[in-house]
Structure formats: C-alpha cells, structure tokens
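Structure at a glance
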Amino acid sequence: MKKAWEIERELRVKAIPLDRRVHGSAWFDLGILIQADDMMLKIFWEANVPGSGAEEHAYMEMAQAQENKGYDLSKAVSFYKKGMRLLKEDNIVDLRAVTSEMLEAIFNAPKIKDHPYHVYSHPSEWGEIQKAMGKVSLENNTHLVSDLEEKIYQGWLGQLAGASFGTAIEGYTGENIAKVYGDVTGYITDPETMNDDVVYELILLDVFDRMGREITSRELGLEWVRQLPFAWSAEWMALQNLKNGYLPPVSGSHRNPYSNWIGAQMRGMICGMLAPGWPIEAARLAHIDGVVSHEANGVYGEIFAGVLTSLAFTEEDPRQIILSAAEYIPSGSEYKDYLDFTVNTMQGSDDPAKAWTVCDEFFKRYNWIHAYPNMAADVLALWYGEGDLTKTLSLLALAGMDVDCNGGLVGNVLGVMGGVSPKWADPIGDLLETYLPGKEQLSIKELAEHTVKLARI
C-alpha cells in the first residue's frame, strides 16, 4: 500500500496548471456557508420544538447537563445573559465569540469532588453491565410468544399513536398543559407521525437487516452518517463526532454533555421488538445502539426501554414488567437508584397526582429532555394506567416532560400487551412519515412485517 506522501506526490507531479488566461477563478460562495453556520448558532441559543412550540436553549441546557454530572458550571452560566442579549440584537459577530467562551467554560468546568454523581458506579462495557445486573433471565422465550405478527404490529401502532399524542404537548409542565387543554384524553390535533425519535429505530433495522445479531455499534454509527441529515441534543453531538472520525463508543461520550439525556431511552423499543420475550438480548441490543450517542445512565435508559418492551410480549401486568425490567439496570448506578426511588414512590401512594408531585420535586434540577424525569413519567403512567392506553397517555400529560418520547415507549408496551383501540389507531391509518431520504412515507403494516422477519433471526 502506498504511503500518504506518495499519493500526494503522484497527484502533484501529474497536475498541469490551469491556464488562467482562459479560465476564470472558481471561488465558492462563502456567504452560503456562513449563513448556514450562523443559523445553527442561533438555533442552539434559542429554538422552538417543531410539534409543540416549547422553548429550548441548547447552550444553556449543555451547562445544565454538565451540572447534573457533578461539575461547577457557574462560569459557563455567566455567559448566558450576554449571549441572549446579543441574539436579540442580532449581533452575530460578537455572539460567535461569546459562544466559544461559553463552550470553553462548559467543557473545562471544574469537577465538584463531593458531588453525589461521583459516588455512583457506571460500567460501560457490556460484560461489566451484565455483571452489575440483579436477578435477570437469560432465556430466549421468543418461541413462546403467540401472535407475534399482531403484537409487533400493535406495538408499532401504539408507539406511533403515543408519540403523535405527545408531539403537541412536549416540553411543558403538566400543570401548564392542563391550563390550556384541561384533562387530555385524546389527540389534541390531527395526529402526525413525523418526529425525530423513530428515525433511529429505522436505521437500526437497516443495519440489523444486513448483519443480524452480529450488529455492531460501529456499523450503526456509520449508518447514521449515511442517513441522518440532522439530529438534536445528544444525537447532534454524536453525529458531529461521527463525521469527525470519533466512532462508537467515543461518539457518544466525547464532548457530549447530553449523554445522559433521553435520546437513547426514546428508541429502545425496537430492541425489545427484535427480542420479544428475550429481555437480556433486548438489553444487549440497547447497549450496542445506545453507545452511539450516549454513555452511562443514558445507555441504561435505553436498556430499560428495550427490556420493558421485550417483557411486554410475555407478561400481562404493567407493574410487574416495571419491577422485572428494573433488575436489568446496573446496581450502584445513578439510574438504578433513581428508578428505585420512583418505584418506591409509586408503591407508597394510591394517588398518581401526589406521587408525581413527589417525583417532580425530586427531579426538578433535570431538564425535561433528561432521561430521569422521563423515566419517572413512564413508570407513573404504566403503574397507574391499569393497562388502558387512554388512561396511561393521560397520565403522561399530567407529568408533562418529553411527552412524545414517553408516549412512544408506553404506547409500544401497551400495544404489544393488549393492542391499540380504533380511537388511537384509526386517525393514524397506515402512514409513517419521516425526514430520512428515501423513507419519507412508509407503511406501518409493512414496517411491522419487516420487524417480525428480523425478530425471528
């Protein structure tokens, strides 16, 4: 194989000067690149969620996420007001500089030595994670699942119905949702299946179709680069890492403040559908997928979602599914500790509103897109929802937070367990819309059939 210098030398020796007396210069339009770069800068300072209009301030949220990991972000936070003022003044030139200063402060924030986060253990390798689990089943009971085709189809329907339900109200507190909509028991608007959650599941299916159970995080990451035109929060940071040559698992951890957020947890359902009645395999697949964009507790969130979904194929009680799935989360981790706190809160109260008040106060320092408060919302809804999709989704509205992600998870679980009623299924029909090139419009039935085929591998 030639050395890099040999290739360059060969190209240079062969190059014949362009006769500039005949040909003009070919400078590309720098204005287009500057405009695109500045547009992203503005979006990260202030944006609105497409489906609900909720505000987001990504740079401030980076600081918040690093605070949650036990770092002192006071210096970074000091740049926020100045940055917002420059944004309002449309002073992009100075905003660029302030952004650089804020990012420097975020990524070089001093560690708070006695912060509780550092007390926990967070294994990263699959073998270490499995050793830290509780009483888990290693058995593959896929062969015991009856009506697999229908359950996977209903799972997809439930996921898309729940996500569509939540799209219009994500990013708000339950209290403020109630002020506008009252008790939410159905779709607020005509449901739309377009969201930024399901695309990652579709990409995983593509790689699984090629590699089967030999699927790797590396190939998943490369497929992200091929297919994803855009991403947000942890996935955005990971996508930039991937494009810059940081492949999994580094892609999920390198300079990624959002690595404990919901982005992995929101897509773990496909891992459960590819391992129906085989929860340890669902957990393994979730780990493979999760490390592309997350680390530690963010990955454990996907494991939790994947195992919940897998168990739904063989269990009948949502509460038992929660208790069983909790055993697959590494003991000694912050996620496990907070999951136990949430379950104990539910076990100690017959009133979901009172239980949520306790959880909301406990998780108040976390962003509405962080894995923890949304895990609590999922547990709340499944715990008190009695297996009824309408009641369960209504409880998600009570909690607020990232309702479309949470609706997708609980909808998938309940869809597998008992199917989706016409009230929720009919308005969606058979159409899944995405922003992935070549996958703009998909048949939900065909997607389910494809998933069934892969689940049997």
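You'll find the structure just up there.
Here's a quick rundown of the structure. Keep in mind that what you see is a predicted model, and the values were worked out from it rather than measured. (Residues numbered from 1 in each chain as written. Predicted model: local features only at pLDDT ≥ 70, side-chain atom pairs only at ≥ 80, totals over all residues. Heavy atoms only, no water.)

1. Things to note about the overall build of the chain
Across its full length, the chain carries 24 helices and six strands. By the compact-globule yardstick of 23 Å for 457 residues, the chain fits well, its C-alpha radius of gyration being 23 Å. Taken along its principal axes, the extent of the C-alpha atoms in the chain is 80 × 50 × 45 Å. Within the chain, the proportion of its 457 residues that are buried is 55%. Sequence-distant contacts, at least 24 apart, represent 75% of the contacts inside the chain between residues at least 6 apart. Here the chain has roughly 20,500 Å² of accessible surface; of this, 53% comes from carbon and sulfur atoms. Positive and negative side-chain charges of the chain, numbering 40 and 65 respectively, have mean locations separated by a distance of 9 Å. (Helix = DSSP H or I, 4+ residues; strand = E, 2+ residues; numbered from the N terminus. Rg over C-alpha atoms; globule rule 2.2 N^0.38 Å. Buried < 20%, exposed > 50% of the residue type's maximum accessible area, 1.4 Å probe, protein only. Contact = heavy atoms within 4.5 Å. Areas by Shrake-Rupley, 256 points an atom, 1.4 Å probe, with all protein chains shown as cover. Lys, Arg positive; Asp, Glu negative; His and termini not counted. Charge placed at Lys NZ, Arg CZ, Asp CG, Glu CD.)

2. Points about empty space enclosed by the protein
Summed over the entire model, instances satisfying the criterion amount to one cavity of 30 Å³ or more. Surrounding the largest cavity, Q159, L160, A163, N195, D197, V198, M266, M269, D404, C405 and G408 form its lining. For the lining of the largest cavity, a count of residues per class yields six nonpolar, three polar and two charged. (1 Å grid on protein atoms, 1.4 Å probe; cavity = no way out; pocket = protein on both sides within 12 Å on 5 of 7 lines; lining within 4 Å. Points joined across faces, edges and corners; volume = space filled by probe spheres on them. Nonpolar A, V, L, I, M, F, W, Y, C, P; charged D, E, K, R; others polar.)

3. What about the side chain of N297?
Along the chain, the position of N297 falls in helix 16 (residues 297-311). A polar contact of 3.1 Å, which involves the side chain of N297, links it to the side chain of Y372. With near-sequence residues (within four places) excluded, N297 lies in contact with Y117, H122, N260, S333, E334, Y335 and Y372. (Polar contact = N/O pair within 3.5 Å; in protein donor to acceptor, adjacent residues only side chain to side chain.)

4. Let's talk about the nonpolar core
Grouped together as the largest cluster of nonpolar side chains are 144 residues, with contacts concentrated most on W156 and I303. Among the elements that make up this core, the one with the highest residue count is helix 20 (residues 371-384) (11 residues). In contact with W156, not counting residues within four places along its chain, are V198, E201, L205, I270, M273, I444, L447, A448 and T451. (Core = buried A, V, L, I, M, F, W, Y, C linked by side-chain atoms within 4.5 Å.)

5. Some points on the pattern of salt bridges
For the structure on display, the rule yields 20 salt bridges. Note that E10 and K2 form a salt bridge whose closest N and O atoms lie 2.6 Å from each other. Here the salt bridges do not stand alone but share partners, grouping K2, E10 and K14 into one network. (Salt bridge = Lys/Arg side-chain N within 4 Å of Asp/Glu carboxyl O.)

6. Some words on the packing of aromatic side chains
Here the structure, examined in full by the defined rule, presents 23 aromatic pairs. With a centroid separation of 4.9 Å and 45° between ring planes, the pair formed by Y200 and W224 is classed as tilted. Of the two residues, Y200 is situated in helix 10 (residues 198-211) and W224 in helix 11 (residues 217-227); the sequence distance between them amounts to 24 residues. Residue classification places Y200 among the buried positions, given a relative accessible area of 2%. Exposure remark for W224: the relative accessible area of 0% places this residue in the buried category. The interplanar angle of 20° and the centroid separation of 3.9 Å between the aromatic rings of F341 and F362 together place this pair among those described as stacked. Of this pair, F341 sits in helix 18 (residues 334-347) while F362 sits in helix 19 (residues 352-362), placing them 21 residues apart in sequence. The exposure class assigned to F341 is partly exposed, which follows from its relative accessible area of 24%. F362 gets classed as partly exposed once you look at its relative accessible area, which sits at 27%. (Phe/Tyr/Trp six-rings, centres within 6.5 Å; stacked < 30°, edge-to-face > 60°.)

7. Overview of the packing of helix 10 against helix 24 (residues 444-455)
With their axes 11 Å apart at the nearest point, helix 10 and helix 24 run at an angle of 45° to one another. Relative to helix 24, the element helix 10 is oriented oblique. Judged by the twist between their axes, the crossing of helix 10 over helix 24 is left-handed. Contacts from L202, L205, F208 and D209 of helix 10 reach helix 24 at L447, H450, T451, K453 and L454. Residues of the contact of helix 10 with helix 24, tallied by class, amount to five nonpolar, two polar and two charged. (Axes fitted to C-alpha atoms, helices over the stretch in contact; angles between N-to-C directions. Parallel < 35°, antiparallel > 145°, perpendicular 65-115°, else oblique. Left-handed = near helix turned anticlockwise from the far one by under 90°.)

8. Focus: helix 24
Across its 12 residues, helix 24 extends 16 Å between first and last C-alpha, which sits within 8% of the 16 Å expected from 1.5 Å per residue. Those residues of helix 24 that sit buried are I444, L447, A448, T451, V452, L454 and A455. Along the axis of helix 24, the buried residues cluster in a sector spanning 165°; they form a single face. Residues of helix 24 that are exposed and point over 90 degrees away from its buried face: E446 and E449. For helix 24, the secondary structure elements touched by its buried residues are helix 8 (148-167), helix 10, helix 14 (269-273), strand 5 (431-433) and strand 6 (441-443). The backbone nitrogen of K445 lies 3.4 Å from a side-chain oxygen of the residue at the head of helix 24, namely S443. (Expected span 1.5 Å × (residues − 1). Arc of directions from axis to C-beta.)

9. Regarding the environment of E104
Looking at the element boundaries, E104 is found in helix 6 (residues 92-107). Judged by its relative accessible area of 47%, E104 is partly exposed. For the pair E104 and P257, spaced 153 residues apart in sequence, the C-alpha to C-alpha distance is 13 Å.

10. Thoughts on unusual backbone geometry
Residue P249 is bonded to the preceding P248 through a cis peptide linkage, with omega at 5°. Here P249 shows up in the loop between helix 12 (233-243) and helix 13 (250-253). Although it is not a glycine, D90 adopts a positive phi angle of roughly 60°. Examined against the element boundaries, D90 turns out to sit in the loop between helix 5 (80-88) and helix 6. Judged by its relative accessible area of 47%, D90 is partly exposed. The residue S233 is not glycine, and still its phi comes out positive at about 45°. S233 gets classed as buried once you look at its relative accessible area, which sits at 7%.

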